[in-house]
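Here is what each chain is made of, one letter per residue.
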Amino acid sequence: ACEETYGFFPCSNSLGGSMVLIAMYGNVLLIGANLISDGSELLLEIMDPGLIGGLVLPILGALPDAAMIVVSGLGGSPAEAQEQVAVGIGTLAGSTVMLLSIAWGGSLIVGRCDLENGRAKDKKLTR
């Protein structure tokens, strides 16, 4: 039997119902991401970009992840909560490492250039 999480989140036992829930939750996440993006652009227009880009936006970006980890540990016994939080933290750390690796690798590929006498020759790549 399907039990609603926290008494109000919908649930499903069928594949079709699960697909509908995935689409609904994905849409909610998409709307939230767009709102965060729009708000960050407005913040950059109002305040110093160094402060906003270096401090405020990373904190705002991490808050939803932290909230999901905390909420995952609210239900069940202390052992179950500890296991859920550990899985959430591991997932967050893994996704952060992956995103940083992609950004680092992409910058290496896009920013490569020729060297002449030990100095970079900008905007020239012959090999």
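Look a little higher up for the structure.
Analysis parameters
Residues numbered from 1 in each chain as written. Predicted model: local features only at pLDDT ≥ 70, side-chain atom pairs only at ≥ 80, totals over all residues. Heavy atoms only, no water. Helix = DSSP H or I, 4+ residues; strand = E, 2+ residues; numbered from the N terminus. Rg over C-alpha atoms; globule rule 2.2 N^0.38 Å. Buried < 20%, exposed > 50% of the residue type's maximum accessible area, 1.4 Å probe, protein only. Contact = heavy atoms within 4.5 Å. Areas by Shrake-Rupley, 256 points an atom, 1.4 Å probe, with all protein chains shown as cover. Lys, Arg positive; Asp, Glu negative; His and termini not counted. Charge placed at Lys NZ, Arg CZ, Asp CG, Glu CD. Axes fitted to C-alpha atoms, helices over the stretch in contact; angles between N-to-C directions. Parallel < 35°, antiparallel > 145°, perpendicular 65-115°, else oblique. Left-handed = near helix turned anticlockwise from the far one by under 90°. Expected span 1.5 Å × (residues − 1). Polar contact = N/O pair within 3.5 Å; in protein donor to acceptor, adjacent residues only side chain to side chain. Patch = residues over 30% accessible without salt bridge, like charges linked within 9 Å, V, L, I, M, F, W, Y side chains within 5 Å. Salt bridge = Lys/Arg side-chain N within 4 Å of Asp/Glu carboxyl O.

Draft legend 1. Seen up close, the overall build of the protein chain. Regarding its fold elements, the protein chain presents three helices and two strands. Going residue by residue from the N terminus, the α and β elements of the protein chain occur as α-α-α-β-β. Here the C-alpha radius of gyration of the protein chain, 22 Å, is well above what a compact globule of 127 residues would show, namely 14 Å. Each of the three principal axes of the protein chain carries a C-alpha extent, and together these read 70 × 40 × 35 Å. By residue count, 6% of the 127 residues in the protein chain fall in the buried class. The contacts of the protein chain with a sequence gap of at least 6 include a subset with a gap of at least 24, amounting to 7%. Here the protein chain has roughly 10,100 Å² of accessible surface; of this, 68% comes from carbon and sulfur atoms. Across the protein chain, 6 positive and 12 negative side-chain charges occur, with their mean positions spaced 32 Å apart.

Draft legend 2. Layout of the packing of helix 2 (residues 49–72) against helix 3 (residues 78–110). Packing of helix 2 against helix 3 leaves a shortest axis separation of 8 Å and a crossing angle of 160 degrees. The angle between the axes of helix 2 and helix 3 places the two elements in the roughly antiparallel class. Of the two possible hands of crossing, helix 2 and helix 3 adopt the one that is right-handed. On helix 3, the residues that touch D65, I69 and S72 of helix 2 are Q84, V85, G88, I89 and L92.

Draft legend 3. Representation of helix 1 (residues 15–46). Along its 32 residues, helix 1 runs 47 Å from first to last C-alpha, staying within 8% of the 46 Å computed at 1.5 Å per residue. Two or three places before G17, at the opening of helix 1, S14 has a side-chain oxygen 3.2 Å from that residue's backbone nitrogen.

Draft legend 4. The arrangement of a nonpolar patch on the surface in detail. Together, I46, M47, L51, L55, I59, L60 and L63 make up a nonpolar patch on the protein surface, roughly 650 Å² of accessible area in all. Here the nonpolar patch takes five residues from helix 2, the largest share from any one element. Classification of L55 as partly exposed rests on a relative accessible area of 45%.

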